[in-house]
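# Structural overview
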Amino acid sequence: MKSDAGIMDRLQSLLSNGKYVEARYQSRLVTEVNFVNGRLERIKTVENAGCGIRVLVDGCWGFSSTSDIAAEGLRDSLEQALSVARVLAESKKEKVKGLAQSKMATGTFSAKVRGNLADIDIEDKVRVTKEAEAATRKHSSIIKTASATYREILDHKILVNSDGAAVELYDSKPEFNIVAIAKKGGKNITANEGIGITGGWQDLFKKSHLELAQTAADKAEKLLEAKHPAGERTTLILDPGMVGLLCHEAIGHTVEADFVLSGSVVKDKMGQQVASSLVTLVDSGRSDIADNAAGTIAVDDEGVEAGRTVVIKEGVLTSYLHNRESAFIFGTASTGNARAFAYSDEPLIRMRNTYIEPRSDSLDEMVKETRHGYLVKGARNGQADANGEFMFGAQETYLIEKGEIKGILRGASISGNAFDVLKSVDMVGNKFEYDIGTGYCGKYQPAKVDGGGPHIRCTAIVGGMQ
Amino acid sequence: MADILHLAINEAESLGASDVEVYLVAAKESEVFIENNDLKQAKSQAASSIGIRVLLNGSLGFYSTNNLDPDRIRQAAAKAVKMARVSPKDRFSVIPGKSKVQLLRGIYDRKAKSFEPADAAKMAKEMLDAARSTDSRVSVDSGNFSSVLATHRLANSNGLDLKERVSIFSWSIMGMALDGADVSSFDFQSAGTHSVKDIDAASTAKEFAQTVINSLGAQKIDSFKGEMVLTPSAFVELVEDVLVNSINSDAVQKKSSQFAGKLGKKVASELLNLEDDATNTQGLGAASFDREGVAHRRNVVIKDGVLKKFLYNSYTAKKDGVRSTGNAGGSASSPPNVSTTNFIVGPGRPSLQAMISEMRHGILVSRFSGNVNPVNGDFSGVVKGGRLINNGEIGPPVKEVMIAGNVFDCLKNITGLSRERKILHTSVLPYTRIDGVSFTAG
């Protein structure tokens, strides 16, 4: 990506007309390789570069984007943004009253990587994907279908705004996913194993591609013969992936300030007890506690440093997630949650890495102190409503009787009200992990996020078949 | 522009590629969003993107960039060739030869060029006002108005060189009616056109408003078995994805289509006629050629209930030893897939009114909200904006009615299709009456 020279200056030159102007150049390189059953199903590299310009005129936002980043193209695009904002100002009733004062970031920020992905040959990316897919099928004759996907997103951003932000950002987010489908008789099961991070090639393959294949295949093999758990409301020990999904999907969205403004379930709950006092829930732009979290960003797309936001402190709701506009309305500071996916997207309030902080219990102790319940592993898809009601899929469950794990059962759906579940938390583990980094959060546009925590013990409904 | 495409072809060929295809899309777009009964945001965008597909000894390489600088295009072509050198060979890989393409009329309006974001905002405002002025109980949750002007260019090393311009105006509106504590079902309406003079967002808004007002005061009913009439929107939500998957040759070849092995067999009521037709300029999927430059044509997929053909691109066609049906789809940032263009269900004889008057007991389903498995056709979910039909008359709105079943069974149980049809983006659909449906009270 060499044609970026002089962009910072050209963007700066757009800022001189007394209004709030924000200009974000983004150059993105996405490479994807996918093998299914020995066949190359997909291979491509996509390069996208351009500039998104956002302006605030008469209390209305205007946004324009262009792939023409020469001085003249940028000028035209700025004019478009100003003109759409003015048009809107004529008929829009509800105006933006202001933006919260924020310390604007300056300087260069680069994601920490071991093994720069741009330096790894495409040949290696094809090779590991092909080998992992083949290894998954080779593991056992009952694995009838396998798929392996390598995907990387490399970003270079330059962001300036008229409040003084001037930053250059380099980001690197690779992911690797294996799917194994086992079939025998009338039974079939789909298992997956994946990793998605912020980091480089060595960070991604801390566990080798063949180990990941082995894990996916093992899982499919074990689960094929497993029975379904009975449906009941009972004690559950959630693994870090399930905790991450709960934090992000069922709690996180309800505390996004734009949802709070449109009446989310926590809108009058600030300062109140919303969870067990063992629960401290954080959304952070940094990769706290463990390395390489996939949702890590140094600076958000309004130029605010993306720090650590404690959403729930020892059970008490302490903060929503803000951009500068919502922070102004609530009379607080932006939490650095304004994110845009591509240059052609405008920033929205999005999460980053959302997790529960670890405490002192070991997983062994948690199991030992459970008379009857389940250990629930492997976050799958999830749905949650604005009132905190959720239903998540898990890949595997393990029955616990009298303090002992009794054997593996098939995946199940877990449901309940997220806040009730958090209130029921009575043990919080001591080993922390991020584990939903392969997923994308969808809210008008995608975003790379992560979530995790230690194991936690709580009460919820385990729903039998899914 | 012409130079860029051939620059890429020449570069890739000189580096050893046997076949090269270059697809370029340049688009200008304005969009205005509605939220909470107010205009929310306006956006304008200018974007171009080029996709370079190369074959080298049967191996595929693909590189896409939106930087049209000649040096960058050469690098992109070189990277695509490099990728092909490390990809495994696939003997079905193919870039099609030259085909005769007749350019369609009626998909590009010159006036689109001077359609400004301000015009889009005016249309969005009109739509919002039309909904709100129909009845003060109408609440618009969200909506949008968008205009897109796109130029498509496609060239390949077999001498193909095509260009086409398309203009698309589309809009949507979603929300409910509120009357004290009574909240109606959500409704969603959308429409679109290729030409400025046919923009009519106000009518769409009025239909939305009327639907939500009519679903106020909904009553619970007892479970019963009877007929349902699907509106075109409900047909899209319940039936269309299943048919789209089933007629896709890629799904057939991967054994994830229930229509595999059923060519020439009856798969639906003899009332059902289904075409995929990109040459029908009413649909927003109209275009003269597909993602690989194969000429579009009218493909009769189901005739009088009998399955006539699957939809192919060149790759899946080669696998089955048939000709492409012109259904290569996808953007410039991906190699071609197999896609429908305009999904068109033939009209029936009776009017909607006449169709309803023949019904003894049933429900008019405005929308369906639930899960549909596109492969096996199983569905379950809730009827939205449902109206009870008794002895040929439309009665009160109903609430909390569940339906569950299988789409393939529904296709066989079609007992009527209306004369009236609606255009919903890339679908042209009548109202569809289906018998043998179990309505379960919630």
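Residues numbered from 1 in each chain as written. Chains lettered and ligands numbered in written order. Predicted model: local features only at pLDDT ≥ 70, side-chain atom pairs only at ≥ 80, totals over all residues. Heavy atoms only, no water.

## Let's talk about the overall build of chain B
This is how the line gets drawn: Helix and strand definitions follow DSSP, with helices as H or I runs of at least four residues and strands as E runs of at least two, each counted in order from the N terminus. Both definitions apply: the radius of gyration is a C-alpha atom measure, and the globule rule equals 2.2 Å times residues to the power 0.38. Partly exposed residues are those whose accessible area sits between 20% and 50% of the maximum for their type, while under 20% is buried and over 50% is exposed, using a 1.4 Å probe and protein chains only. Here, residues are in contact when the closest pair of their heavy atoms is within 4.5 Å. Only the protein chains shown count as cover for residues, and the accessible areas themselves come from Shrake-Rupley with a 1.4 Å probe. Counted as positive: Lys and Arg. Counted as negative: Asp and Glu, with His and the chain ends omitted from the count. In this description, the location of a charge corresponds to atom NZ of lysine, CZ of arginine, CG of aspartate or CD of glutamate.
Within chain B, the regular secondary structure consists of nine helices and 22 strands. The C-alpha atoms of chain B give a radius of gyration of 24 Å, which matches the 22 Å a tight globule of 442 residues would have. Projected onto its principal axes, the C-alpha positions of chain B cover 70 × 55 × 35 Å. Taking all 442 residues of chain B together, 56% fall into the buried category. Counted over contacts in chain B with a minimum sequence separation of 6, partners at least 24 positions apart contribute 72%. Summing over all exposed atoms, chain B offers an accessible surface of approximately 17,800 Å²; the carbon and sulfur share of this is 47%. Of note, chain B has its 53 positive side-chain charges centred 6 Å away from the centre of its 48 negative side-chain charges.

## Observations concerning the packing of aromatic side chains
Here the distance between the centres and the angle between the planes together describe a pair of aromatic rings. All names here are of chain A. To keep it simple, the criterion reads: Classification of ring pairs uses Phe, Tyr and Trp, with its six-membered ring standing for Trp, and accepts pairs whose centres are within 6.5 Å; under 30 degrees between planes counts as stacked, over 60 as edge-to-face, and the remaining range as tilted. Definition used: whenever NZ (Lys) or CZ (Arg) falls within 6 Å of the ring centre and also within 35 degrees of the ring normal, the charge is taken to sit over that ring.
All told, the structure shown has 16 aromatic pairs over all chains when counted by the stated rule. Judged by centre distance (5.4 Å) and plane angle (65 degrees), the rings of Tyr320 and Phe330 are edge-to-face. Of this pair, Tyr320 sits in the loop between strand 11 (316-317) and helix 8 (324-330) while Phe330 sits in helix 8, and the two are ten residues apart along the sequence. A relative accessible area of 4% means that Tyr320 is categorised as buried. Among the aromatic residues, ring-to-ring pairing joins Tyr150, Phe176, Trp201 and Phe205 into one connected group. Here the guanidinium or amino end of Arg54 rests over the ring plane of Trp61, the centre of that ring lying 3.7 Å away. The ring centre of Phe259 lies 4.8 Å from the NZ or CZ of Lys443, which sits over that ring.

## Let's talk about the domain arrangement of chain A
Residues and elements named next belong to chain A. The line we're drawing: Either an automatic procedure or a domain database provided the assignment from which the domain bounds are taken. Here the quantity called buried area is the accessible surface, traced with a 1.4 Å probe, that two parts lose on coming together, added over both. Criterion for a salt bridge: a side-chain nitrogen of Lys or Arg within 4 Å of a carboxyl oxygen of Asp or Glu.
By the assigned domains, chain A splits into domain 1 (7-224) and domain 2 (232-462). Placing the centre of domain 1 and that of domain 2 at their C-alpha centroids yields a distance of 22 Å. On the domain 2 side, the residues contacting the 59 residues of domain 1 number 40 residues. Interface area lost by domain 1 to domain 2 is led by Arg24, Ala100 and Leu223, which between them contribute 14%. There are four salt bridges connecting domain 1 and domain 2.

## Re a positive patch on the surface
Heads up, the rule is: Residues enter patches when they are more than 30% accessible in relative terms and free of salt bridges; like-charged ones are connected within 9 Å and nonpolar ones (Val, Leu, Ile, Met, Phe, Trp, Tyr) within 5 Å.
Taken together, the side chains of B:Lys28, B:Arg110, B:Lys113, B:Lys163 and B:Arg165 define a basic patch exposed on the protein surface. Locating B:Arg165 in the fold gives a position in strand 5 (residues 161-179).

## Concerning the pairing of strand 6 (residues 166-184) of chain A
Residue and element names in this part refer to chain A. What counts, and what does not: Only strands joined by at least two bridges in the DSSP assignment are considered to pair.
Pairing of strand 4 (residues 106-110) with strand 6, which is carried by five bridges, proceeds in the parallel orientation. Along strand 6, the bridge assignment pairs Thr106 with Ala166. Where strand 5 (residues 143-161) hands over to strand 6, the hairpin turn is made up of four residues, of which Gly164 adopts a positive phi near 110 degrees. Across ten bridges, the pairing between strand 6 and strand 7 (residues 187-196) is antiparallel. Bridge pairing in strand 7 places Phe176 opposite Ile195. Following strand 6, the chain reverses through two residues before pairing antiparallel with strand 7; Gly185 in that reversal takes a positive phi of roughly 60 degrees.

## Some words on the sheet that holds strand 20 (residues 433-434) of chain A
Residue and element names in this part refer to chain A. Worth spelling out the cut-off: Throughout, an axis means a line fitted to C-alpha atoms (over the contacting stretch in the case of helices), and angles, computed between N-to-C directions, take values from 0 to 180 degrees.
Read from one edge of the open sheet, six strands run 11-10-9-14-23-20, paired in mixed fashion. Strand pairing shows two members of the sheet lacking a second neighbour, strand 11 and strand 20, which therefore form its edges. In this sheet, strand 14 (residues 353-356) lies alongside strand 9 (residues 281-284) in antiparallel orientation, the contact comprising four bridges. Among the inter-strand pairings, Leu281 is bridged to a residue of strand 14, identified as Ile356. Along the sheet, helix 6 (residues 240-251) makes contact with strand 9, strand 10 (308-313), strand 14, strand 20 and strand 23 (450-453), crossing strand 23 at roughly 125 degrees.

## A word on the nonpolar core
For the record, the criterion: Put simply, a nonpolar core is a bunch of buried Ala, Val, Leu, Ile, Met, Phe, Trp, Tyr and Cys residues held in one set by side-chain atoms that sit within 4.5 Å of each other.
Membership of the largest hydrophobic core comes to 49 residues, with the highest contact counts inside it found for A:Phe176, A:Ile178, B:Val20, B:Val22, B:Ile52 and B:Val54. With seven residues, helix 5 (residues 209-224) of chain A is the largest single contributor of residues to this core. Once you skip the residues sitting within four places of it in the chain, B:Val22 turns out to touch B:Leu5, B:Ala8, B:Ile9, B:Ile50, B:Gly51, B:Ile52, B:Arg153, B:Leu154 and B:Ala155. Residues B:Met228, B:Phe235, B:Leu238 and B:Cys410 belong to the second largest nonpolar core, which totals 45 residues.

## Examining the pattern of salt bridges
Residues and elements named next belong to chain A. The final tally for this structure, using the stated rule, is 50 salt bridges over all chains. Note that Lys173 and Asp171 form a salt bridge whose closest N and O atoms lie 3.1 Å from each other. Here the two residues Lys173 and Asp171 agree in accessibility, since each one is buried. With a closest N to O distance of 2.8 Å, Lys448 and Glu175 form a salt bridge. With Lys448 in strand 22 (residues 445-448) and Glu175 in strand 6, this pair connects stretches of sequence that are 273 residues apart.

## Description of the pairing of strand 5 of chain B
All names here are of chain B. One ladder, built from 17 bridges, connects strand 4 (residues 138-156) with strand 5; its direction is antiparallel. By the bridge assignment for strand 5, Ala150 is matched with Val166. Remark: four residues form the turn of the hairpin made by strand 4 and strand 5, two consecutive strands paired antiparallel; Gly159 in that turn has positive phi of roughly 95 degrees. Here seven bridges tie strand 5 to strand 7 (residues 187-193), and the two strands are oriented antiparallel to one another. Residue pairing in the sheet places Gly175 in a bridge with Asp187 of strand 7. Here strand 5 runs beside strand 6 (residues 182-183); their pairing, made up of two bridges, is antiparallel. Note that in strand 6 the partner of Leu178 across the bridge is Val183.

## So, the interface of chain A and chain B
Every contact between the two is made by 39 residues of chain A and, on the other side, 39 residues of chain B. When the two sides are added together, the surface that chain A and chain B hide from each other amounts to roughly 3,300 Å², 48% of it contributed by carbon and sulfur. When the buried surface of chain A facing chain B is broken down by residue, A:Ile43, A:Glu47 and A:Leu88 rank first, second and third, together holding 18% of it. One can count six salt bridges joining chain A with chain B.

## Observations regarding the domain arrangement of chain B
Residue and element names in this part refer to chain B. Looking at chain B, the domain boundaries give domain 1 (2-213) and domain 2 (218-442). When domain 1 packs against domain 2, close to 3,000 Å² is buried across both sides, 60% of that on carbon and sulfur atoms. The interface formed by domain 1 and domain 2 holds three salt bridges in total. Within the residue set of the side of domain 1 that touches domain 2, elements represented by two or more residues are strand 1 (19-35), strand 2 (38-56), strand 3 (59-65), strand 4, strand 5, strand 7 and helix 4 (201-214).

## Thoughts on unusual backbone geometry
Its identity as a non-glycine residue notwithstanding, A:Asn37 has a phi of 45 degrees, on the positive side. Relative to the helices and strands, A:Asn37 resides in the loop between strand 1 (20-36) and strand 2 (39-57). We classify A:Asn37 as partly exposed; its relative accessible area is 35%. A positive phi angle, near 50 degrees, is found at B:Asn57, a position not held by glycine.

## Observations concerning a nonpolar patch on the surface
Residues and elements named next belong to chain A. Judged by side-chain polarity, Leu261, Phe328, Ile329 and Phe330 come together as a nonpolar surface patch covering roughly 350 Å² of accessible area. Relative to the assigned elements, Phe328 resides in helix 8. Under the relative-accessibility criterion, Phe328 is labelled partly exposed at 37%.

## Digging into helix 3 (residues 122-138) of chain A
Residues and elements named next belong to chain A. Put simply, the rule is: Here, expected helix span is obtained from the residue count minus one, scaled by 1.5 Å. The directions from the helix axis to the C-beta atoms form the arc being described.
In this model helix 3 runs 24 Å from its N-terminal to its C-terminal C-alpha over 17 residues, within 8% of the 24 Å that 1.5 Å per residue would give. For helix 3, the set of buried residues is Ile122, Lys125, Val126, Val128, Thr129, Ala132, Glu133 and Thr136. End-on, the buried residues of helix 3 take up no more than an arc of 170 degrees, which puts them together on one face.

## Thoughts on the side chain of A:Ser67
Here A:Ser67 is to be found in the loop between strand 3 (60-66) and helix 2 (71-91). Residue A:Ser67 is classed as buried on the basis of its relative accessible area of 19%. In this view, A:Ser67 contacts A:Ala49, A:Gly50, A:Tyr343, B:Ala46, B:Ala47, B:Ser48 and B:Asn66; residues no more than four positions away in its chain are not counted.

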